[in-house]
Amino acid sequence: MKILSPEQLKRVETQTITIQDIELINLMERAANAILNWLKSKIDVSKNSFTIICGVGNNGGDGLALGRLLWEEKANVKIYLQKNNSYSLDNLTNQKRLKDLKIPFEYYDETTKLEIIPNSILIDAIFGYGLNRPIGDEWKPIIDQINQSPNTVISVDVPSGLFCDQLNSEKDPIVESEVTLTFQTPKLSLLIPENQQYVNEFEILDISLDLESIEKEDSQLGYFSMNYVPQFYFKRPKFSHKYDYGNVLVIGGSYGKIGASLLAAKAVFKSGAGLVTMYVPKCGYSVIQTALPEAMVQTDFSDEMITKFPNVERYDTIVIGPGMGTDEKTYRAFEEFLSENDLSDKKLIIDADGINLLSNHPNLLEKLPKETILTPHDKELERLIGSWENSYDKIEKIQSFVQSHELVIVAKGFITQTFLANGEAYFNSSGNPGMATAGSGDVLAGIIAGLYAKQYNASEAAIFGVFLHGFSGDVASQQLGEESIMATDLINYIPVAFKTLFG
Ligand SMILES: NC(=O)C1=CN([C@@H]2O[C@H](COP(=O)(O)OP(=O)(O)OC[C@H]3O[C@@H](n4cnc5c(N)ncnc54)[C@H](OP(=O)(O)O)[C@@H]3O)[C@@H](O)[C@H]2O)[C@@H](O)CC1
Ligand SMILES: Nc1ncnc2c1ncn2[C@@H]1O[C@H](COP(=O)(O)OP(=O)(O)O)[C@@H](O)[C@H]1O
Ligand SMILES: [K+]
């Protein structure tokens, strides 16, 4: 799903109106109904109270329309409308509809002491994507009253005061919402960590904007959600054998960190690869043969670290890095491997210490085959591309890095972002904080490798691999709770994740 700027959203809105032969007021009604239906799916609205704070534009119009719909549902509703002399056309239409039905609303200004109905759900419909400058300090008292109230705050489209696609200043008054109900496409600002104080969680509500018009908009940013999963379904053909599902080599491990490569290798198997071989220092041999009898094992001459890379001729997919360490000898082995092999037809996934070695020796980057997938967490990423000022700057820096090196970068975090070699970036929608646990990243590298080894190309393996990893985490957290998830659980829940996604 594309992430669009406010200008693009406006254009799509206008095109939708033409194509569907409707008027903006109909879209606003759809938006309000979408919120009503979302509320009804959670609570009995007739037994609840709502205090709705509306602005002067169409976001406020949504709030007014919602107020009317809730009133018709017999909810207890109090509507506040900002006092002004220039309302949007459809805001005015909704004011008239309220008046026609004799549904009361009160005006507020900067100085109003809001009378929020106790225990009511507070609906924030002051500003949406039309915010074009920071809210002036004069509005701070209103935003403060919302933020300091004990009520649950639900924001319409975006928390009021938050820009959709640029950074706010820390001083800007912004609504801190419990849930943001955003229309049709997620706004970029809902996805970045700087805004977590304002965006606790968000849900995307479908208001049937014209999908072709959305597709026509030029955007390098996308959001990967459940809706896109079915296209990744792959049925194993009846007459297939293990070699049809890839032959994967996992190079990694060092004394004390054999487990990392083991986790990656297990995840490769669980995500469907046909064969897995592990290349580890000698100290890993017995452990692996016992813990993962399905894997073949080759060992380095060294007991403790990798000092020479194996012959990789027969493998199509190679994971390098989990638990590997960054010893000088390992670096030299890595360097020799990249320099002396023709890797152009190999699928490489580089994680952890493999990435650290690339950062320490950036000359190696040019030796990587096209579309090699790197899976750094923030610290590894910083070593690789340098520091960034904020999340927007980070996105631009990664985009320029992947484009100049023709690589795929999976920038891991709460919302993992996958950058393709053409600069497109996909934000992931699955996962939970229970996944912030040792070895979770090794599992991700393994999942991506397992998919890449099969029928998926680098972009698909990375984007879907990240989703599958997060989804396994979500299934694991439903069963175990976030606290107790361990990386092994993520592996163990991959089958349930597959079954849930593909039936
Ligand atoms: N396609 C969709 O997704 C659909 C979207 N819909 C809804 O429309 C919303 C967008 O509506 P919108 O364009 O009217 O803008 P909105 O956010 O209400 O605010 C604009 C008003 O605020 C003002 N203003 C701006 N900045 C300000 C500031 N700092 N301080 C003070 N004032 C400021 C600005 O005035 P001006 O710049 O002229 O001063 C203008 O009056 C969208 O978020 C969604 O809720 C649905 O109804 C239908 C389908
Ligand atoms: N708060 C979070 N919410 C969702 N996913 C998370 C969160 N924290 C970490 N993760 C995921 O867990 C993995 C952690 O990877 P990494 O930091 O490399 O761990 P390790 O090095 O221990 O394997 C990443 O895929 C990341 O996206
Ligand atoms: K809002």
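Residues numbered from 1 in each chain as written. Chains lettered and ligands numbered in written order. Predicted model: local features only at pLDDT ≥ 70, side-chain atom pairs only at ≥ 80, totals over all residues. Heavy atoms only, no water.

Labelled according to an unreviewed UniProt entry, the protein chain appears under the name Bifunctional NAD(P)H-hydrate repair enzyme, originating from Moheibacter stercoris. The Subunit (unreviewed entry) field of the UniProt record for the protein chain holds the comment "Homotetramer." (UniProt positions renumbered as here; feature names shortened; annotations may be inferred.)

A word on the state of the cysteines. Applying the stated criterion across every chain yields a total of zero disulfides. With no disulfide partner, Cys 54 has as its closest neighbouring cysteine sulfur the one in Cys 164, 18 Å distant. (Disulfide = S-S within 2.5 Å.)

Six octahedrally arranged donors around a metal ideally form angles of 90 or 180 degrees; four tetrahedrally arranged donors ideally form angles of 109.5 degrees. Summarising the metal site, the potassium ion (ligand 3) is bound by the protein donors Asn 59 (OD1), Asp 124 (O), Phe 127 (O), Val 156 (O), Val 158 (O) and Ser 160 (OG), whose distances to it range over 2.6 to 3.1 Å. Every donor counted, the six donor atoms about the potassium ion (ligand 3) form angles of 69 to 176° at the centre, which fits irregular coordination. Along the chain, the residues donating to the potassium ion (ligand 3) are arranged with the sequence spacing N-x64-D-x2-F-x28-V-x1-V-x1-S. Here Phe 127, found in the loop between strand 4 (121-125) and helix 5 (140-148), pairs with Ser 160, found in the loop between strand 5 (153-156) and strand 6 (177-183); they are 33 residues apart in sequence, far enough to count as distant. Classification of Phe 127 as partly exposed rests on a relative accessible area of 22%. (Donors = N, O, S within 2.8 Å, 3.2 Å for Na, K, Ca; no water. Tetrahedral: all angles 85-135°; square planar, octahedral: opposite > 155°, others 65-115°. Helix = DSSP H or I, 4+ residues; strand = E, 2+ residues; numbered from the N terminus. Buried < 20%, exposed > 50% of the residue type's maximum accessible area, 1.4 Å probe, protein only.)

Ordered in space as 8-17-16-15-14-13-12-9-10-11, the 10 strands form an open sheet in which the pairing is mixed. Single-partner strands in this sheet number two, and they are strand 8 (221-224) and strand 11 (296-299). Direction aside, the axes of adjacent strands within the sheet are offset by 20° on average. Inspection of the sheet shows strand 16 (residues 417-419) paired to strand 17 (residues 425-428) by three bridges, in the antiparallel sense. In the sheet register, Gln 417 faces strand 17, and the bridge partner there is Phe 427. Sheet contacts for helix 10 (residues 352-360): strand 12 (317-320), strand 13 (347-351) and strand 14 (373-375); angle to strand 13, the most-contacted strand, approximately 90°. The strands touched by helix 14 (residues 458-480) are strand 8, strand 14, strand 15 (408-411), strand 16 and strand 17; relative to strand 15, the strand with the most contacts, the crossing angle is about 10°. (Pairing = 2+ DSSP bridges. Axes fitted to C-alpha atoms, helices over the stretch in contact; angles between N-to-C directions. Contact = heavy atoms within 4.5 Å.)

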